[in-house]
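# Residue-level structural notes
Take a look at the letters that make up each chain.
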Amino acid sequence: MITIKDFKKGDKVYTLTRNKGRNTRPTISEREVASVGRIYVTIGDGPYSQKYMNRESEYLYEKVDFGESKLLFKTYKDAEDYIEKSDLALWLGCISVGKAEKYSLEQLRKVKEILDN
């Protein structure tokens, strides 16, 4: 589980735009942490800044008033793993992404391997 305390100003981090409901693959972007407060990790400055908060998961969740929230990851690999985990959950069909969070990526990979045989 990742928390705000895992970030420092100037860290390279990775945002994931999931593009839910669109016929587009998720995109990962490298960004830099502008500030770390008690409640939010801020990326960017001015009117285009983005604030991310704890989600009790392997990512932080963007605070937005409307639209789709982006996810913030410490490493590029963590963002890629989230995409793979989401794809595996969708592939299984019976497990939503929210429910899949209680399983590890390795567990979902093994389930797929077993069912493919």
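To keep things clear, this report deals only with the structure shown in the data block. (Residues numbered from 1 in each chain as written. Predicted model: local features only at pLDDT ≥ 70, side-chain atom pairs only at ≥ 80, totals over all residues. Heavy atoms only, no water.)

### Things to note about the overall build of the protein chain
Along its length, the protein chain carries three helices and six strands. Along the protein chain, helices (α) and strands (β) appear in the sequence β-β-β-β-β-β-α-α-α when read from the amino end. Along the three orthogonal principal directions, the C-alpha set of the protein chain runs to about 50 × 30 × 20 Å. The proportion of buried residues among the 117 residues of the protein chain is 32%. Within the protein chain, residue pairs in contact and separated by at least 24 positions form 41% of the contacts whose partners lie at least 6 positions apart. As displayed, the protein chain offers around 7800 Å² of accessible surface, 50% of which is attributable to carbon and sulfur atoms. Between the centroid of the 22 positive side chains of the protein chain and the centroid of its 19 negative side chains there is a distance of 4 Å. (Helix = DSSP H or I, 4+ residues; strand = E, 2+ residues; numbered from the N terminus. Buried < 20%, exposed > 50% of the residue type's maximum accessible area, 1.4 Å probe, protein only. Contact = heavy atoms within 4.5 Å. Areas by Shrake-Rupley, 256 points an atom, 1.4 Å probe, with all protein chains shown as cover. Lys, Arg positive; Asp, Glu negative; His and termini not counted. Charge placed at Lys NZ, Arg CZ, Asp CG, Glu CD.)

### A few points about the environment of Lys51
Examined against the element boundaries, Lys51 turns out to sit in strand β4 (residues 50-53). Other than its neighbours up to four places away in sequence, Lys51 contacts Tyr40, Val41, Thr42, Tyr61, Glu62 and Lys63.

### Some details on the nonpolar core
Inside soluble globular proteins, nonpolar side chains tend to come together where they are buried. Ile2, Ile4, Phe7, Val13, Val33, Val41, Ile43, Tyr52, Leu60 and Leu72 form the largest nonpolar core, which has ten residues in total. Grouped together as the second largest cluster of nonpolar side chains are seven residues, Leu16, Phe73, Ala79 and Ile83 included. (Core = buried A, V, L, I, M, F, W, Y, C linked by side-chain atoms within 4.5 Å.)

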